[in-house]
Amino acid sequence: MLAELRSLNEECGVFGIWGHEDAAQISYYGLHALQHRGQEGAGIVVTNGKGFQVIKDEGLVNEVFAGNRLNNLKGHGGIAQVRYSSENGRGIENVQPLLFRSTTGSISLAHNGNIVNAVELREHLERQGSIFQTNSDTEVLAHLIKRSSGSLTQRDRVKKALSMLKGAFAFVMLTEDSLMIAQDPNGLRPLSLGKLGDAWVVASETCAFDIIGAEHVRSVEPGELIIINNKGIHSERFAPAADSAMCSMEYVYFARPDSDIDGINIHMARKRCGKRLAREVKIEADVVTGVPDSSISAAIGFSEESGIPYELGLIKNRYVGRTFIEPSQELREKGVKMKLSPVRQVVNGKRVVMVDDSIVRGTTSKRIVTLLKEAGATEVHVVIASPPLVSPCFYGVDISTDSELIATNRSIDEIRELIGADSLTFLSPEAMLESIGRPDKTKNCGQCLACFTGEYPTDIYSDTALPHEKERVR
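Cut-offs used in this document
Residues numbered from 1 in each chain as written. Predicted model: local features only at pLDDT ≥ 70, side-chain atom pairs only at ≥ 80, totals over all residues. Heavy atoms only, no water. Helix = DSSP H or I, 4+ residues; strand = E, 2+ residues; numbered from the N terminus. Buried < 20%, exposed > 50% of the residue type's maximum accessible area, 1.4 Å probe, protein only. Contact = heavy atoms within 4.5 Å. Areas by Shrake-Rupley, 256 points an atom, 1.4 Å probe, with all protein chains shown as cover. Axes fitted to C-alpha atoms, helices over the stretch in contact; angles between N-to-C directions. Parallel < 35°, antiparallel > 145°, perpendicular 65-115°, else oblique. Left-handed = near helix turned anticlockwise from the far one by under 90°. Nonpolar A, V, L, I, M, F, W, Y, C, P; charged D, E, K, R; others polar. Pairing = 2+ DSSP bridges.

Participant: Just give me the short version of the overall build of the chain, but keep the residues and values in it.
Facilitator: Looking only at helices and strands, one finds 15 helices and 25 strands in the chain. Residues classed as buried in the chain amount to 60% of the 474 residues present. For the chain, restricting intrachain contacts to residue pairs at least 6 apart in sequence, the fraction spanning at least 24 positions comes to 68%. Split by element, the accessible area of the chain, about 18800 Å² in all, is 47% carbon and sulfur.

As structure tokens, then:
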């Protein structure tokens, strides 16, 4: 297995808008729709064509923009981000969008994903005199843009800088006269383009368009750079499109059920995964329940296909964050205990099928099985609507070492025993791809399966060696 990379792993949500007099207010509502993608920080930067205004802080969207703070943001263009950070990336200085002021042209950037050669690029830039203010991969792009030599136009500097990045990145960038949007050549992170009247909008998920009343136009293409300004919209490539590799965990876990990714509705995809599970495993049980919220769709599908009634067997405390994306194991374990409660009247004396989207570290699954049995369930059969996670992710999901994964080097029966379930079933990679329903003409139906198979769609840069010993590893 690859050694742990010293990278800033994050799963965030970005939003951008151009051509609307209430850019800040629209961005605020867009961030609300994307709040599930990060709960540790939020920020909005706007421009009126003559400069930038910014508000950002740690906390939830409604906390960061409490009171009348939004009234101080005036402009027709803006970008915004909700942020999840790993333990070494916390602090106000890492909250995005990042803003870089310069006499030769200021720029603001926000990013979702993880640049796998960021450490190598950072060391190269520091040797050339760059001084970094954050731990964020995003700052690397800003330095690359500003250090581009020659008499290149700003557009060409951005294209040149983007072409040097490897990994997963969905960027929104704001200058005083343009909104720029970029997607990595493999399309690892979702990014969609929409229209709100005469204004253009972009968001990590289409659910943000629904809340602001925008029309979804299309997905941003892999390797595409879109420039929007008062002259209109212009699209070109900064890199050739590589094999499409949309993150499978977007379909499995991260995206909201009401979002569409590349034309596929998340709820319906998860429901099909649940149906497929019910066809592949025959369990005698009395009730099916899903782990709120991302597993509900698969649980409904399992119930419909199996004929076992679906019941609300677990209740989620809406005021506790998602345990998988909290920054430390200690907080994760405390979060599980606070987060879910069994409905005793539903599960007492019953054989329960517990449907979940995935098992990562096993902490949550073990605790939920225990909760259900303590509430009187006579049997708990766990079915997982995705394959076992056996390899770390280097593209933005906070599982950067294989030691964090319960399925690494363990059999399914060993995992079952560790979590205390009476049976345990996973969906195979092939069944998951078929159920999600992307076109099968491309490799892996255009999805990244790295965390399930250990086969990465890009080079992975090991930064554990000395600079002169660095190499790319597959």
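That covers the picture; the talk isn't over yet.
Participant: Mind laying out the packing of helix α8 (residues 266-280) against helix α9 (residues 296-306), listing which residues take part and the relevant values?
Facilitator: Relative orientation of the contacting elements α8 and α9 amounts to 40°, with a least axis distance of 6 Å. On the basis of their axis angle, the class for α8 and α9 is oblique. Relative to α9, the crossing made by α8 is right-handed. Two secondary-structure elements touch here, α8 through H267, R270, K271, G274, K275, L277, A278 and R279 and α9 through S297, A298, I300, G301, F302, E304, E305 and S306. For the contact of α8 with α9, the per-class residue count stands at five nonpolar, five polar and six charged.

Participant: I'd like a rundown of the pairing of strand β3 (residues 52-58), residues and numbers included.
Facilitator: The sheet contact formed by strand β2 (residues 41-47) and β3 spans seven bridges and is antiparallel. By the bridge assignment for β3, G41 is matched with E58.

Participant: I'd love a proper account of the sheet that holds β2, names of residues and values included.
Facilitator: Spatially, the seven strands line up as an open sheet ordered β3-β2-β4-β1-β10-β9-β11, and their pairing is antiparallel. The sheet is open, and its two edges are formed by β3 and β11 (215-219), each paired on a single side. Averaged over all adjacent pairs, the angle separating strand axes in this sheet is 15°, with direction ignored. Relative to strand β4 (residues 77-83), strand β1 (residues 13-18) is paired through six bridges, and the arrangement is antiparallel. Paired with G16 across the bridge in β4 is I79.

Participant: Run through the sheet that holds strand β13 (residues 232-237), naming residues and quoting values.
Facilitator: Judged by pairing direction, the sheet is antiparallel, and its six strands sit side by side in the order β5-β6-β7-β8-β12-β13 without closing on themselves. At either margin of the open sheet sits one strand with a lone partner, and together these are β5 (98-100) and β13. On average, adjacent strands in this sheet sit at an angle of 20° to one another, irrespective of strand direction. Bridge count between strand β6 (residues 107-115) and strand β7 (residues 167-174): eight bridges; the pairing is antiparallel. Among the inter-strand pairings, G113 is bridged to a residue of β7, identified as F169. Lying over the sheet, helix α4 (residues 138-146) contacts β5, β6 and β7, oriented at roughly 130° with respect to β6.

Nothing here speaks to function; it is all geometry.
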